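Results of the structural survey
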Amino acid sequence: MRVIVTEDYAGMSRKAAELIAAQILLNPQSVLGLATGSTPIGLYQCLVEKYRAGELDFSRIRSVNLDEYLGLSPEDDQSYRYFMNENLFRHININLANTYVPDGIAKDPVAECARYDELICRLGGIDMQLLGIGNNGHIGFNEPANTFALSTHCVALTESTIQANARFFADSEQVPQQALTMGIGQIMRARRVIVIASGSEKREALRKAFWGPVTPEVPASILQMHPDVTLVMDRQAAPEAACV
Ligand code: PGA
């Protein structure tokens, strides 16, 4: 694992954007695995700036997002599809038809999960997967559990995740209780993985994930087994173990 510690959130965003930009330059048809949440917003802004400066061309890029809330339509401003359109896609020259997010209002969510796995397979797998990390060590919505769920699946969100995400909603009652998420298998098959984290509230999750035992109780800990992970975090997020 490569570990990059930056001075602050802006530095983390710039560094992670550089890595994604390099991936796009190396392979303009890359399949990018993308993430939502507060952490990637700055990095998406950096990518938009690079696009506007003429440094990046997204016209042949394909993207697959990690997850979506069950029950939210793409037009819902809390949906992850909406987030991606607003924070990245509508500012760059990506073909929207080549951007994929699980369908939160699929009539048959189980079939939607199978369809999503097939789709990723058909695209040839993920070249670079971007991940945030939850305070409870989740990646995507792979919540702490007894086993690692390998395929895309429906998941009941834990109370900790509902509380953490309540900041985006009027109150925690409004946070959907379930989601569709890419599984650990898809994430682990990505050729490269970038994990981003900012702020002291992520420090303990990072310590457990990357310096603790590999366990499904800390889903991100499986990344210790991945051959190409780069962890980009700011100083506030960095566990002591990362600074020796
Ligand atoms: P955040 O979420 O970027 O909003 O902190 C990360 C995550 O839950 O994966």
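This section reports on the structure supplied with the text. As a convention, each chain's residues are numbered from 1 in the sequence order in which they are written. Note on the predicted model: pLDDT of at least 70 is required for a residue's local features to be given, and 80 or more for side-chain atom pairs to be given and counted; whole-chain, interface and lining totals, by contrast, use all residues. Hydrogens and water molecules were not included; the side-chain quantities draw on all heavy atoms of the structure.

1. A few points about the sheet that holds strand β8 (residues 178-181)
- Ordered by their spatial adjacency, three strands build an open sheet running β4-β8-β7, and the pairing between neighbours is antiparallel. Edge positions in the sheet fall to β4 (67-69) and β7 (153-156), since each of these pairs with one other strand and no more. Sheet twist, expressed as the average angle between the axes of neighbouring strands with direction ignored, equals 25°.
- Paired strands, as defined in this entry, are two strands with at least two bridges between them according to DSSP. Here a helix means four or more residues in a row that DSSP labels H or I, a strand means two or more in a row labelled E, and each is numbered from the N terminus. Here three bridges tie β4 to β8, and the two strands are oriented antiparallel to one another. Bridge pairing in β8 links Tyr69 to Ala179.
- Here, residues are in contact when the closest pair of their heavy atoms is within 4.5 Å. Axis angles are defined between N-to-C directions and span 0 to 180 degrees, where every axis is a line fitted to C-alpha atoms and, for a helix, only to the segment in contact. Of the strands in this sheet, β7 and β8 are in contact with helix α4 (residues 109-122), which crosses β7 at around 125°.

2. Here's the deal with the site of the ligand
- We call a residue near a molecule or strand when any one of its heavy atoms sits within 4 Å of it. Near the ligand the following residues occur: Gly37, Ser38, Thr39, Gly132, Ile133, Gly134, His138, Arg167 and Lys202.
- At 2.8 Å from an oxygen atom of the ligand is found a main-chain nitrogen or oxygen belonging to Ser38.
- Each polar contact in these results corresponds to two N or O atoms within 3.5 Å; when the atoms are within protein, one needs to be able to donate a hydrogen and the other to accept it, and residues that are neighboring in sequence are counted only if both atoms are side-chain atoms. Separating an oxygen atom of the ligand from a side-chain N or O atom of His138 is a distance of 2.7 Å.
- Coverage of the ligand by the protein chains reaches 84% of its 280 Å² of free accessible surface.
- Gly counts as polar in this scheme, as do all residues outside two lists: the nonpolar Ala, Val, Leu, Ile, Met, Phe, Trp, Tyr, Cys and Pro, and the charged Asp, Glu, Lys and Arg. By residue class, the composition of the shell around the ligand is one nonpolar, six polar and two charged. Surface accessibility follows the Shrake-Rupley procedure with a 1.4 Å probe radius. Residue values consider only the protein chains on display as shielding.

3. Notes on the pattern of salt bridges
- Here, a salt bridge means any side-chain nitrogen of Lys or Arg that lies within 4 Å of a carboxyl oxygen of Asp or Glu. In this structure the tally under the stated criterion is nine salt bridges.
- Where Lys15 meets Glu18, a salt bridge forms, and the shortest distance between an N and an O atom there is 3.2 Å. With Lys15 and Glu18 both in helix α1 (residues 9-26) and three residues apart, this pair spans about one turn of that helix.
- A simple rule labels every residue: compare its accessible area, found with a 1.4 Å probe on the protein chains alone, to the largest value its type can have, and call it buried under 20%, exposed over 50%, or partly exposed in between. With relative accessibility at 27%, the residue Lys15 sits in the partly exposed group.
- Glu55 is paired through a salt bridge with Lys50; the nearest N and O atoms lie 3.9 Å apart.
- The exposure class assigned to Glu55 is partly exposed, which follows from its relative accessible area of 47%.
- One connected set of salt bridges, linked through shared partners, spans Arg2, Arg192 and Asp228.

4. A short note on the pairing of strand β2 (residues 31-34)
- Of the two faces of β2, the one holding Val31 and Gly33 and the one holding Leu32 and Leu34 are both buried throughout.
- Sheet topology places β2 next to strand β3 (residues 62-65); four bridges connect them, and they run parallel. Its bridge partner being in β3, Val31 is matched across the sheet by Arg62.
- Seen with its strands pointing away from the viewer, a crossover is right-handed if its path from the first strand over the helix to the second goes clockwise. A crossover links β2 with its parallel partner β3, the connecting element being helix α2 (residues 41-52), and its sense is right-handed.
- For β2 and strand β6 (residues 128-131), the ladder comprises two bridges, and the chain directions are parallel. Bridge pairing in β6 links Gly33 to Gln129.

5. Regarding the environment of Asp103
- In this fold, Asp103 is placed in the loop between β5 (99-100) and α4.
- On the basis of relative accessible area, Asp103 is assigned to the partly exposed category, the value being 30%.
- Residues Asp103 and Tyr69 lie 34 residues apart in sequence; the distance between their C-alpha atoms is 8.6 Å.
- Setting aside anything within four residues of it in sequence, one finds Asp103 in contact with Glu112 and Leu180.

6. A closer look at the sheet that holds β5
- An order of β1-β10-β9-β6-β2-β3-β5 is seen for the seven strands of this open sheet, with the pairing classed as parallel. Both edges of this open sheet fall to β1 (2-6) and β5, since each of them pairs with a single strand only.
- The pairing of strand β9 (residues 192-197) with strand β10 (residues 229-234) spans five bridges and is parallel. Each bridged residue has a counterpart across the sheet, and for Val193 the counterpart in β10 is Val229.
- Sheet strands touched by α1: β1, β2, β6, β9 and β10. Its angle to β10, the strand with the most contacts, is close to 155°.

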